[in-house]
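One letter stands for each residue in the lines below.
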Amino acid sequence: MNSKKALFSAGAVIGLIAVALVWFGNPQNMGFCIACFIRDIAGAVGVHRAEAVQYIRPEIIGLVLGALLMALAGKEFQPRGGSAPMTRFILGVAVMIAALVFLGCPLRMVLRIAGGDLNAVVGLVGFIAGIAVGVVFLKRGYSLKRTYQMPTLDGLWLSAVQIALLVLLVAAPAFIFFSESGPGSMHAPLLLALAAGLIVGGLAQKTRLCMVGGIRDVILFKDWTLLMGFLGILVVALIGNIALHYFKVGFIGQPIAHVDGVWNFLSMTAVGLGSVMLGGCPLRQLILSGEGNADSAVTVVGYFVGAAIAHNFGLASAATAVAEDGTLSGGPSAAGKVATVIILVVLVIIAVANSKRQETVKEG
Amino acid sequence: MEAEYIATFYTHYDAIVFSRQLKAAGVESQLMPVPRALSSSCGTCARFRCAKADIARFSLTGTEQLVRVTADGYEMIRDNRHS
């Protein structure tokens, strides 16, 4: 099988699993959402107290451990790190806050589009714009410098944390918070969600599937291979949503989404730009962490802290709700809007500060 | 005799610098995504054709791997992944 077919097939399986997870209990258009699920875990361990979004999501545990197992099986586990870890942490914080202003990571953006959510199409346009800006910086010499070989333990920490989280999920001690209502209370059965994560983690490691990398490679190299994974998820999740009657086209009344186009666009611009600067989307960072990349693990810790900041400081958006008289409530908060602008400015400063002065080189 | 080579890099910037170096030496190269068979990373590689003796002329700073493209895959010339 050539690599484009492999990517499309992997995407198709992931799209199918995502819709199945909704069928088995996950919130709609949220079979997978790396940002939302890390945010839920942050809530479960009490670093934020948003009661509706607290649950240790087995999908995240499975993704990291699935990638670890696949990397070990393929002799590709490589403990590496040392590429501007603190900058990556800040970028992780920034990407997570922006994703929670949009209400989803790039993977959920695709799943939202597959559910007919046109707000996510606006987000996609912003996401592509952010990636395009990131590519300009790459061509101008942006780099966080190389990685180095690390002790094996350094490459295993995030996987070890996942095992600890799994123990906490199963044991459910009193100090772990579990939502009793809202999105955090909606979840597929533990073993099913864990298995889904393991399969998708393994597939994503094998194929290098990345929401950001696909669009970046098209712009940078005119190479469509990675984008095939993105398309596979979209096509199969769309078919699945239609078959299960989840599909509903429109802006209003979409599950866990808001209708403010400007901030859907700008927040996903920040997610796209920040993710190019990190070298991959949130899903990809989880997979790289499983492979032993300590820089990606630090980025994931940045996501975790970013989620706590987003909810503790009121930066995360609220889903649009429609009252009986038709009035709309929810959407991005004023603080979330300010945070998005600050994030965009900070990202550009980081990009400029880490770019070498040189002539732009034409690729391809 | 000329052969086809692929160099992979730690960063996209290293790939750009290498490509400019080749161009200055009169060797055309194409920057592209790293083939999956070479790495699980999704970085940038440079594919180019030159004589084996010419390889010694180039600075390989920033290269992760240098391979020769063969009929049935790749022959490792330089492997810097464990540094």
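Quick look at the overall build of chain B now. Looking only at helices and strands, chain B has two helices and five strands in total. Overall, chain B shows an N-to-C arrangement of helices and strands of β-α-β-β-α-β-β. Against the globule reference of 12 Å for 83 residues, chain B gives a C-alpha radius of gyration of 12 Å, in line with a compact fold. Taken along the three principal axes of its C-alpha coordinates, chain B extends 30 × 30 × 20 Å.

To continue, consider the overall build of chain A. Scanning chain A from terminus to terminus reveals 14 helices and four strands. Taken over the C-alpha trace, chain A has a radius of gyration of 19 Å; the compact-globule value for 364 residues is 21 Å, and the two agree within 12%. Once the C-alpha set of chain A is aligned to its principal axes, its extents read approximately 60 × 40 × 40 Å. For chain A, the proportion of its 364 residues judged to be buried stands at 59%.

Residue and element names in this part refer to chain A. Here G92 is to be found in helix α4 (residues 85–102). G92 gets classed as buried once you count the C-beta atoms within 10 Å, which come to 26. As a C-alpha pair, G92 and N312 span 220 residues in sequence and 17 Å in three-dimensional space. With residues near it in sequence (within four places) discarded, G92 still touches T299, V300, V301, G302, Y303 and G306.

A few words on the confidence of the model for chain A. Per-residue pLDDT for chain A has a mean of 96; in total, 98% of the residues score no lower than 70. Counted against residues more than four places away or in other chains, residues 359–364 of chain A, with its pLDDT under 50, gives 13 contacts.

Here the focus is the pairing of strand β4 (residues 328–331) of chain A. Residue and element names in this part refer to chain A. The pairing of strand β3 (residues 318–322) with β4 spans three bridges and is classified as antiparallel. Across the sheet, residue V322 finds its bridge partner in β4, namely L328. If you look at the hairpin formed by β3 and β4, you'll find five residues sitting between the two strands, and G326 has a positive phi there, around 90°.

Another aspect to go through is the interface of chain A and chain B. Contacts between the two partners involve 26 residues from chain A, matched on the other side by 17 residues from chain B. Counting only elements with at least two residues in the side of chain A that touches chain B, the list comes to β2 (148–149) and α9 (211–221) of chain A. No other element matches α9(A), which puts three residues into the side of chain A that touches chain B. Taken together, the residues of the side of chain A that touches chain B break down into seven nonpolar, 10 polar and nine charged.

Moving on, we come to the pairing of strand β1 (residues 2–9) of chain B. All names here are of chain B. Across seven bridges, the pairing between β1 and strand β3 (residues 44–51) is antiparallel. When the sheet's bridge partners are listed, A7 is paired in β3 with A46. When β1 meets strand β4 (residues 63–70), the two strands line up antiparallel, connected through five bridges. Opposite A7, over in β4, you have L66 as the bridge partner.

For the rest of this paragraph, the subject is the environment of A:A339. Residues and elements named next belong to chain A. By the element assignment, A339 lies in helix α14 (residues 334–353). For A339, a count of 25 C-beta atoms within 10 Å translates into the label buried. Remark: the alpha-carbon pair of A339 and I97, spanning 242 residues in sequence, is separated by 7.9 Å. Apart from the residues within four sequence positions on either side, A339 is in contact with I97 and L315.

Residue and element names in this part refer to chain A. In the Ramachandran plot, L103 falls in the positive-phi region, its phi being about 85° despite a non-glycine side chain. Locating L103 in the fold gives a position in the loop between α4 and α5 (106–114). The residue H245 is not glycine, and still its phi comes out positive at about 65°. Relative to the assigned elements, H245 resides in the loop between α10 (227–243) and α11 (261–278).

What follows concerns the nonpolar core. One finds A:I34, A:I38, A:A94, A:M96, A:I97, A:A98 and A:L100 to be the most contacted residues of the largest nonpolar core, which totals 138 residues. Sequence-distant contacts of A:A98, defined by excluding residues within four places in its chain, comprise A:S267, A:A270, A:V271, A:G274, A:T340 and A:I343.

Attention now goes to α4(A). All names here are of chain A. The terminal C-alpha atoms of α4, which comprises 18 residues, lie 26 Å apart, in line with the 26 Å expected from a rise of 1.5 Å per residue. Of all 18 residues in α4, 15 are buried; the element is thus mostly enclosed. Two residues or fewer after α4 comes L103, characterised by a positive phi angle close to 85°.

Residues and elements named next belong to chain B. Pairing is antiparallel in the open sheet, where five strands are placed in the order β2-β3-β1-β4-β5. Looking along the sheet, the strands with just one partner apiece sit at the ends: β2 (29–33) and β5 (73–79). Each neighbouring strand pair of the sheet contributes to a mean axis angle of 30°, computed without reference to strand direction. As judged from the six bridges shared by β4 and β5, these two strands associate in the antiparallel manner. Paired with Q65 across the two strands is D79, which belongs to β5.

Looking now at α10(A). Residue and element names in this part refer to chain A. Between its first and last C-alpha, α10 extends 24 Å over 17 residues, near the 24 Å set by a 1.5 Å rise per residue. Listed as buried for α10 are L227, M228, G229, F230, G232, I233, V236, A237, G240 and N241. Residues of α10 that are buried make contact with α1 (3–23), α5, α8 (190–207) and α9. Following α10 by one or two positions, H245 has its phi on the positive side, about 65°.

Right, let's get into the packing of α5(A) against α10(A). Residue and element names in this part refer to chain A. One can describe the packing of α5 onto α10 by two numbers: an axis separation of 8 Å at closest approach and a directional angle of 40°. With respect to each other, α5 and α10 are oriented oblique. Seen from above, α5 lies across α10 with right-handed handedness. Contacts between α5 and α10 pair V110, L111, I113 and A114 from the former with F230, I233, L234, A237, L238 and N241 from the latter. Tallied by class, the residues present in the contact of α5 with α10 amount to nine nonpolar, one polar and no charged.

Procedures and definitions
- Residues numbered from 1 in each chain as written.
- Chains lettered and ligands numbered in written order.
- Predicted model: local features only at pLDDT ≥ 70, side-chain atom pairs only at ≥ 80, totals over all residues.
- Helix = DSSP H or I, 4+ residues; strand = E, 2+ residues; numbered from the N terminus.
- Rg over C-alpha atoms; globule rule 2.2 N^0.38 Å.
- Buried ≥ 20, exposed ≤ 12 C-beta atoms within 10 Å, placed from the backbone.
- Contact = placed C-beta atoms within 7 Å.
- pLDDT = per-residue confidence, 0-100.
- Pairing = 2+ DSSP bridges.
- Nonpolar A, V, L, I, M, F, W, Y, C, P; charged D, E, K, R; others polar.
- Core = buried A, V, L, I, M, F, W, Y, C linked by C-beta atoms within 7 Å.
- Expected span 1.5 Å × (residues − 1).
- Axes fitted to C-alpha atoms, helices over the stretch in contact; angles between N-to-C directions.
- Parallel < 35°, antiparallel > 145°, perpendicular 65-115°, else oblique.
- Left-handed = near helix turned anticlockwise from the far one by under 90°.

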